[in-house]
Amino acid sequence: MDRQSIAEQTTVAMNRIGDAPKRREDQRFVTGTGTYLDDCLFDGLARAVVVRSPHAHAILDGIAVDKAWAAPGVIAVLTAKDVARDGLKPIRPPAEANVKTGEPFAFLPQPLLAHDRVRYVGEPIALVIAETHSQALDAAELVHVDYSSLPAMTTPEAATAPGAADLCAAVPRNVCFDWRTGDWSAVEDAFATADHVVDLSIDNHRIITNPMEPRGVVATFDPATGRYALHVSSQNVHIIRDHIARMLDVPAAAVRLVAPDVGGDFGAQNFVYGEYVLMAWAARRIGRPVKWIASRSEVFLADHQARDQKAEASLALDRSGRFLALRVDSTANAGAYLMSTGGVQTYQYPHLPGTVYRIPAIALRVRAVLTNTTPVGVTRGPGFAEAVNIMERLIDQAARTTGFDRAELRRRNLVPSDAMPMTNALDQKVDSGAFPETFERALAEADVAGFEARRRASETRGCLRGLGFAYHIKGTGGSPHENVEIRFAADGTVSLTTGTHSVGQGHATTFPQIVADRLGVSDDIVKFYQGDTDLIAIGGGSGSSRSTFMGGTAIWRAAENIVEKGMAVATRLLETPASEIDFADGHFRARGTNRSVPLLEVAAKARDAGAPLDTYYSWTREWLTFPNGTHVVEVEIDRETGKLTVDRYTAVDDYGTLINPMIAAGQVHGAIAQGVGQALLEQAVYDEQSGQPVTGSFMDYALP
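Numbering of residues starts from 1 in every chain and runs along the sequence as written. Only residues with pLDDT of at least 70 get local features here, since the model is predicted, and only at 80 or more are side-chain atom pairs given and counted; chain-wide, interface and lining totals rely on the full set of residues. Remark: hydrogens and water are excluded; side-chain values derive from all non-hydrogen atoms of the structure.

Peer 1: I'd like a rundown of the environment of E312, residues and numbers included.
Peer 2: Under the scheme used here, helices are H or I runs from DSSP no shorter than 4 residues and strands are E runs no shorter than 2 residues, and both carry numbers assigned from the N terminus. Here E312 lies in strand β13 (residues 309-317). In the structure, E312 is positioned 278 residues away from G34 in sequence and 47 Å away in space, judged by C-alpha atoms. The contacts of E312, once residues within four sequence positions are left out, are L200, S201, R327, V328 and D329. Within the structure, the side chain of E312 is placed 2.6 Å from the side chain of S201, a separation counted as a polar contact. Residue contacts are defined here by distance: any two heavy atoms, one from each residue, within 4.5 Å place the two residues in contact. Think of a polar contact as two N or O atoms within 3.5 Å of one another; within protein, one of them needs to be a possible hydrogen donor and the other a possible acceptor, and neighboring residues in sequence only count if both atoms come from side chains.

Peer 1: Outline helix α7 (residues 184-193), listing residues and values.
Peer 2: Exposure is judged per residue with a 1.4 Å probe applied to protein chains only, and the accessible area is read against the type maximum: over 50% gives exposed, under 20% gives buried, and values in between give partly exposed. Listed in full, the buried residues belonging to α7 are V187, A190 and F191. Along the long axis of α7, the arc covered by the buried residues comes to 95°, so they all point the same way. Exposed positions of α7 whose direction lies more than 90 degrees from the buried face are D189, A192 and T193. As for α7, its buried residues are in contact with β8 (196-204), β13, β14 (323-335) and β15 (361-370). By definition, the arc is the one covered by directions from the helix axis to the C-beta atoms.

Peer 1: Give me the lowdown on the pattern of salt bridges, citing residues and values where you can.
Peer 2: Any two side chains of opposite charge can pair, given that their charged atoms come close. Salt-bridge detection follows one rule: a side-chain nitrogen of Lys or Arg within 4 Å of a carboxyl oxygen of Asp or Glu. Inspection of the entire model under this criterion finds 48 salt bridges. Residue E445 pairs with R441 through a salt bridge whose shortest N-O separation is 3.7 Å. Taken as a pair, E445 and R441 lie in helix α14 (residues 435-445) at a separation of 4 residues, close to a single helical turn. Between R465 and D647 there is a salt bridge; the shortest N-O distance is 2.9 Å. On the criterion of sequence distance, the pair formed by R465 in strand β18 (residues 463-473) and D647 in strand β27 (residues 644-654) is long-range, its members being 182 residues apart. Since its relative accessible area comes to 12%, R465 is described here as buried. Owing to a relative accessible area of 40%, D647 belongs among the partly exposed residues under this scheme.

Peer 1: Quick one: what's the story with the sheet that holds strand β24 (residues 596-598), residue by residue and with numbers?
Peer 2: Pairing within the open sheet is antiparallel, and its 3 strands lie in the order β22-β23-β24. Each end of this open sheet is capped by a strand with a single partner; those strands are β22 (581-584) and β24. On average, each strand axis in the sheet is inclined to that of its neighbour by 20°, with strand direction left out of account. Across 4 bridges, β22 lies against strand β23 (residues 587-590) in antiparallel orientation. Only strands that DSSP links by at least two bridges are regarded as paired with each other. The convention used is that axes are lines fitted to C-alpha atoms, helices contributing only their stretch in contact, and that angles between N-to-C directions extend from 0 to 180 degrees.

Peer 1: Describe in detail the nonpolar core, supporting the description with residues and values.
Peer 2: Among buried residues, the Ala, Val, Leu, Ile, Met, Phe, Trp, Tyr and Cys ones that are joined through side-chain atoms within 4.5 Å form a nonpolar core. With 64 residues, the main nonpolar core has F323 and Y357 as its most contacted residues. Of all the elements, helix α12 (residues 384-402) adds the most residues to this core, at 7 residues. Among all residues touching F323, those that are not within four sequence positions of it are L315, A316, L317, Y357, R358, I359, P360, M391, I395, L409 and N413. Counting residues in hydrophobic clusters, the runner-up holds 48 residues, among them L88, Y120, A280 and M339.

Peer 1: Give me the lowdown on the environment of P289, citing residues and values where you can.
Peer 2: Along the polypeptide, P289 turns up in the loop between α9 (274-286) and β12 (290-293). Separated by 245 residues in the primary sequence, P289 and G44 have C-alpha atoms spaced 6.6 Å apart. Those residues in contact with P289 that sit more than four places away from it in its chain are F42, D43, G44, L45, A46, A219 and T220.

These figures capture arrangement, not role.
Pasting the structure below:
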């Protein structure tokens, strides 16, 4: 590219940090040219179907597969015996010990295919591979399994009751861990002298994660290189790759994961599943690509579910309404196998109680219990959402029982802005926040003062009207490591590769905006790459709201290095010392003159000289960041029919610097929809006697 065309590139209108261009990836999506997993084409593709248990708890007495093998089009029928013969390893939880204390969890690794017993409805038992999906489905019906049914336990209360059977010998009393943290002595002293004590039982019920695109995988194996390649619908390819490699007993470099466009997630596809390993293994065995995509029924049965935590919570207050102490005794239903619950419950959940409020003493007891239900994973704000729910409902209960105004109780206890940075009673450091200001703005925007008039108007229509508000806060967690690579191509474009992954958040728009802002180039020339473990060394995916914080910071720092390297080239081109050159708006300028050189020309000269400005940057965070805010909602309920209408909703959120305000607002809209979904519509229900899921389809389970 010649100098004139390079200069022209720098004069194109740029979308920088804070601008709100439309998402450029949406052009593909709305015209039907996106590439989701089912759009990927492979030669010689075989189709797989998983045979799953219809029982919540049963002994496997025998599996007969001869009829399935003989069915038309069948290529292979594989069971636990084949898994054992080939030495595949079971699924282990991503955290095997308390991440704060190192205490080991009690857990049973989940077998890829059940061999002695099944522990939840939907547990994989056999894998059928055929030429077509229909043939695999037909053959799966011919796999005969003999079961001896056992009593099922669907709640922690049942699983820990006296005389309850252990689901496995590795987890006595079905308790994976029982952990205490905080200052219990100080809490007990505070409760003993408190003027007011409020107690509340809270059930944060189970929900079923339902991404728009079901989970799936297409696996291939190259015998010449001994390398597996898996195309997956996932938000976390690097970490999942490492788990798959361990289970296949191969080096991580022998496994490549590629995630094309992904149709939503919010946690359901953040961890490894047995189907990923099974398809890689099957591809090696039959010498052909193998594809499995979950049906919606399988999503209900087999995808990690979420929430399902009960808590006994108590709050101590003095005569003026100041919080003195918080005590929480919580139990999580982990499902049949300990998956991500252990890490979430012992890391994220204990961070938050009291973070926006001044509470001198906090004590937590956190347990996880196995039951005959689908394993629990994560969904939006895992651990944090549970903690905020406990705190905010306790405050409302305190207002009801003590006579304090619920808004005033919050005002008296919110940490003031001039106390930042602060460290809470659980030693969690928070760098910044304007909690009282955010709270007051939300109440004003929502016109809380006018609620009584609206309530009276509702009554004239025969309706009830209610108003509620809550202060939320979340630590951006996930993997503490992230990296990016920025490269300058000969055609004048800039490539950006990240280890994070977009599952709908708009990274292909927002991340180039950061590059454009920092380097002064047009975001149109920034080519964005993600979702391929061969493209970049590591990656933490998009879990726990980490992508912009982690990936964006890496971009920011990589850009600083690029400018520093470019300065050495600019000094030669401008024949001016670096101390007299400024960089702004994509140009190096000799101070006090009209002489300048654009960054893209500097990059071209550096490349020609054999020392390109291309930069790889990896970093490890030290602290979390804490987005927070207040939401206010008014609902109206028809007295006669019970019909509920969400009539007014106000959200004031402090997310720091917004890369793209339009995209941020869209994510808030989605968050509100998900919150309304759990509050009013969604609940995973199991029959307590049989362990059968009662909400097994959208006929029984309502999404907003």
